[in-house]
Every structure is written in C-alpha cells, then in structure tokens.
Amino acid sequence: GAGGTGGGEAREEVERERDMTAGNLDDAIKKIDGLLIDMEKEAEKSGVETPVIRFDPDDPWASDRSLPPSYVVKKRCPKTGYLMTKPFESQCPMPEAFVKDNAYLRGMLKPVVKPANAAAAQAPSTSSGQQESGGKAKAASAGGAATVEDFGKVLFKVAMVTSVECHPDSEKLYICQLDIGNGETKQVVAGLQKYVKVEDLQGKLVVCVANLKKAKLAGTPSEAMILAAESKSADGVDGIVVRTLVPPAGAAPGDIVFLEGTQPAEKFTKRLSSTIWGNVGKVLSVKGGVACFMAHAFCVQAGKITVEAPDGTTIK
C-alpha cells in the first residue's frame, strides 16, 4: 500500500540498530574477558600471587558444596575465557560454544526480544486522511497505553438492575442482580451504598463490564462491574458525587457498547485480563456529558451513553 516503502526503510533501520547493539555488546564482552586474562598474565609476570579460584563464581550452588581437593583449581583459558578445571582440563572442551561474543544469546532471545521501536517499524505507515480497514482507526496514547483494539476486548453491556440489597457485612456495598440480556444474569457487589440510593438503581438501566474474572468482595461473589462517574463536590457524601452511566432511550439489556465511528466487536475475550482492563479503565472519562474512552464516545445502536458529571470526571 501507500506505506510499503516507509515500512521497509524502518525495518532496515531497526536491523541496523540491532546489529550495532549486538556489536557493542560483543565488544564489551571481549574487553571484559581480555581485561581479566591480561590482569592474570601481568600478575604472573610481576610475581604477584593471584588468588586461587577453587570454584566457578557463576555457579549458584557452589556455596552448597564442599570444596574440592587442594590440587583441583580453576584456570581461565587464554583463548576463550572459559574457566578450566585443572588438572582435568588442559583446554576449553567446547571452544566454539565459548567464543567471546553474544551470538548464542542473541540466537536464544531472538524469538522473544524485539527492539523498542520494532512494532512501529513493522506497521505500515498511513497518511493522516486514511482509515484502517473495517473502520477501526487505532488510538494509542503515549507510553504504550490502551488502544481501540484493547477497548474491543472489554464486553461493555447495557444491563437492567433487577434487585438491590445492602450487603449484610458491609455498610459500603450493595449486592445487585443484573439482567444483561439473552436470559443471562450477573451478580455484582458494588461499592455504591454510601453514594447512590436503592431507588436510583433498582429498575434502572446501567452500563456494566460483563467479562471480568469472577471475584469475591466481603466474601460475596461478584461477576461484573457497574460503571459510574465519580466527581468531587461539596454537595456529595464525603465531598464525592457518584453517578451511574445512562443508556439512551431505546436501549435494552444486552446491548453492546461500542465507540462512535466503529462497529460492535463480534467476539470478546471470555475472561478479560487485569492488564487490558487496567489500561482501558484508566482512560475512561466524561466529555460534554458523554462517557468516553479517550476522545471516543460510548455508543449503543440507540445513541450515546451519557452521565451527569463535569468534564474530565473519571469513570470506574
């Protein structure tokens, strides 16, 4: 496509940087090994007695073993830097495996380690006016935070709160039953008792996260999360006002929330990882009375998800 040439140049640059890094590491290894060997040689020439090495200092279990006989010592191979066990070894037994570079390390790590900018190099560049196929434009914030693709892994659903009970062992928690559509219900233990009246929840539509891992709060299972905006106000309890998200007229339990300008995902992660939810959750906020993921409005087919809260209020 339009970004093919730029992507190739970027990949070549990444390869050059990788080779330079590997070369620098090789040089450092050679210098360290060379320095050790030179110091030992210089000490011998000067008649300085060097400490006898009785065991390999890199052996993590050496301290758990008894010392070998006094005639068994470690001596560094001048060609490879390998610590030979004298008198049993007169030379490095595997010189090809102990060359003074990091080739074998790079070979083992290559499948799992990538340069920091490799991801950018592998992705073809696009012009500012182009849109990705399927209408899912990427939106990543600085520092490798959440993307629209991450948002698509979170199952945000419209739910009806069918019952609300005060938790028997907590003055902060409600035990709520949610109808999330298609005959499915979820139990939610929500920390809303101080801030939201029962009548403001019971029989109301809310937005929930429906694919979180099951947890226990105050000993009670909780299978989902009710989203709410939390802002500071002198009129609130303890200076805090909490408002649940409000689906538009025409919304129904089971409606899937998506972002304005995109389409609902067809499949969702069965059990959402805490890492993905952590990244997505920290960039949910209110903009113009609308619930947003970064700059993208929450929507269902009937319209946008609103919330009565000041701009910038966090949603959690």
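Draft legend 1. Local environment of the overall build of the protein. Within the protein, the regular secondary structure consists of 5 helices and 17 strands. Expressed as a percentage of the 316 residues in the protein, the buried residues total 35%. Considering only intrachain contacts with a sequence separation of at least 6, the fraction spanning at least 24 residues in the protein is 57%. Counting every atom, the protein has about 19300 Å² of accessible surface; 54% of that belongs to carbon and sulfur.

Draft legend 2. Up close: the nonpolar core. Phe-156, Leu-227, Leu-245, Trp-277, Val-280, Phe-293 and Phe-298 are the most contacted members of the largest nonpolar core, which totals 31 residues. Looking at this core, the elements with two or more residues in it are α4 (148–151), β3 (156–166), β6 (205–209), α5 (274–281), β13 (284–287), β14 (290–293) and β15 (296–300). No other element matches the 3 residues that α5 contributes to this core. Setting aside residues no more than four positions away along its own chain, Leu-227 makes contact with Phe-156, Val-207, Val-209, Thr-244, Leu-245, Trp-277, Phe-298, Ile-315 and Lys-316.

Draft legend 3. Local environment of the side chain of Lys-157. Structurally, Lys-157 is set in strand β3. Within the buried core, Lys-157 has no salt-bridge partner, and the shortest N-O distance to an opposite charge, that of Glu-184, equals 4.5 Å. At a separation of 3.4 Å, a polar atom in the side chain of Lys-157 contacts the main-chain carbonyl oxygen of Ile-180. Ignoring sequence-local partners within four residues, the contact set of Lys-157 consists of Ile-180, Val-206, Val-207, Cys-208, Ala-210, Gly-254, Asp-255, Ile-256 and Val-257.

Draft legend 4. Region of interest: unusual backbone geometry. Of note, the amide linkage connecting Lys-86 to Pro-87 takes the cis form, showing an omega dihedral of 10°. Checked against the element boundaries, Pro-87 lands in the loop between β2 (83–86) and α2 (103–109). One non-glycine residue, Asp-238, lies in the positive phi region at around 55°. With respect to the helices, strands and loops of the structure, Asp-238 is situated in the loop between β10 (228–237) and β11 (240–244). Since its relative accessible area comes to 59%, Asp-238 is described here as exposed.

Draft legend 5. Looking closely at the packing of aromatic side chains. For the structure shown, the criterion picks out 5 aromatic pairs. Between the aromatic rings of Phe-151 and Phe-156, the centroid separation amounts to 4.9 Å while the plane-to-plane angle is 25°, which identifies the pairing as stacked. The pair formed by Phe-151 and Phe-156 is uniform in burial state, with each residue classed as buried. Pairing Phe-151 with Phe-293 gives two aromatic rings, centres 5.1 Å apart and planes at 50°, and the pair type is tilted. Highlighted residues: Phe-151 in helix α4 and Phe-293 in strand β14, separated in sequence by 142 residues. The buried category is assigned to Phe-151, whose relative accessible area is 4%.

Draft legend 6. Structural context of the environment of Val-206. The residue Val-206 is located in strand β6 in this model. Remark: the alpha-carbon pair of Val-206 and Ala-252, spanning 46 residues in sequence, is separated by 9.9 Å. Every residue in contact with Val-206, bar those within four places of it in the chain, is listed here: Lys-157, Val-158, Ala-159, Val-161, Leu-201, Ile-226, Thr-244, Leu-245 and Pro-247.

Draft legend 7. Representation of the pattern of salt bridges in the model. Counted according to the given criterion, the structure contains 5 salt bridges. Glu-223 is paired through a salt bridge with Lys-214; the nearest N and O atoms lie 3.9 Å apart. Its relative accessible area of 23% is what places Glu-223 among the partly exposed residues.

Draft legend 8. Seen up close, the side chain of Gln-187. Among the secondary structure elements, Gln-187 is positioned in strand β5 (residues 185–190). For Gln-187, the side chain forms a polar contact with the side chain of Gln-177, separated by 2.9 Å. For Gln-187, the side chain forms a polar contact with the main-chain oxygen of Pro-221, separated by 2.8 Å. The contacts of Gln-187, once residues within four sequence positions are left out, are Ile-175, Cys-176, Gln-177, Thr-220, Pro-221, Ser-222, Glu-223 and Ala-224.

Draft legend 9. Spotlight on the pairing of β11. Relative to β11, β10 runs antiparallel, the two sharing 6 bridges. In the strand pairing of β11, Lys-232 is matched with Ile-240. In sequence, β10 turns back onto β11 through a hairpin of 2 residues, with Asp-238 there showing a positive phi of about 55°.

Draft legend 10. The arrangement of the sheet that holds strand β9 (residues 225–226) in detail. Taken in spatial order, the 5 strands make up an open sheet running β5-β4-β3-β6-β9, and their pairing is antiparallel. What marks the edges here is a single partner per strand, and that holds for β5 and β9. Across 6 bridges, the pairing between β3 and strand β4 (residues 174–179) is antiparallel. Bridged to Ser-163 within β4 is Gln-177.

Draft legend 11. Just the confidence of the model for the protein, in detail. Model confidence for the protein is summarised by a mean pLDDT of 79, while 71% of its residues fall at 70 or above. Taken as a whole, residues 1–8 scores under 50 in pLDDT and shows 5 contacts with residues more than four places along the chain or in a different chain. Low confidence marks residues 118–143, where pLDDT is under 50. Its contacts with residues over four positions away, or in another chain, come to 29 contacts.

Cut-offs applied
- Residues numbered from 1 in each chain as written.
- Predicted model: local features only at pLDDT ≥ 70, side-chain atom pairs only at ≥ 80, totals over all residues.
- Heavy atoms only, no water.
- Helix = DSSP H or I, 4+ residues; strand = E, 2+ residues; numbered from the N terminus.
- Buried < 20%, exposed > 50% of the residue type's maximum accessible area, 1.4 Å probe, protein only.
- Contact = heavy atoms within 4.5 Å.
- Areas by Shrake-Rupley, 256 points an atom, 1.4 Å probe, with all protein chains shown as cover.
- Core = buried A, V, L, I, M, F, W, Y, C linked by side-chain atoms within 4.5 Å.
- Lys, Arg positive; Asp, Glu negative; His and termini not counted.
- Salt bridge = Lys/Arg side-chain N within 4 Å of Asp/Glu carboxyl O.
- Polar contact = N/O pair within 3.5 Å; in protein donor to acceptor, adjacent residues only side chain to side chain.
- Phe/Tyr/Trp six-rings, centres within 6.5 Å; stacked < 30°, edge-to-face > 60°.
- Pairing = 2+ DSSP bridges.
- pLDDT = per-residue confidence, 0-100.

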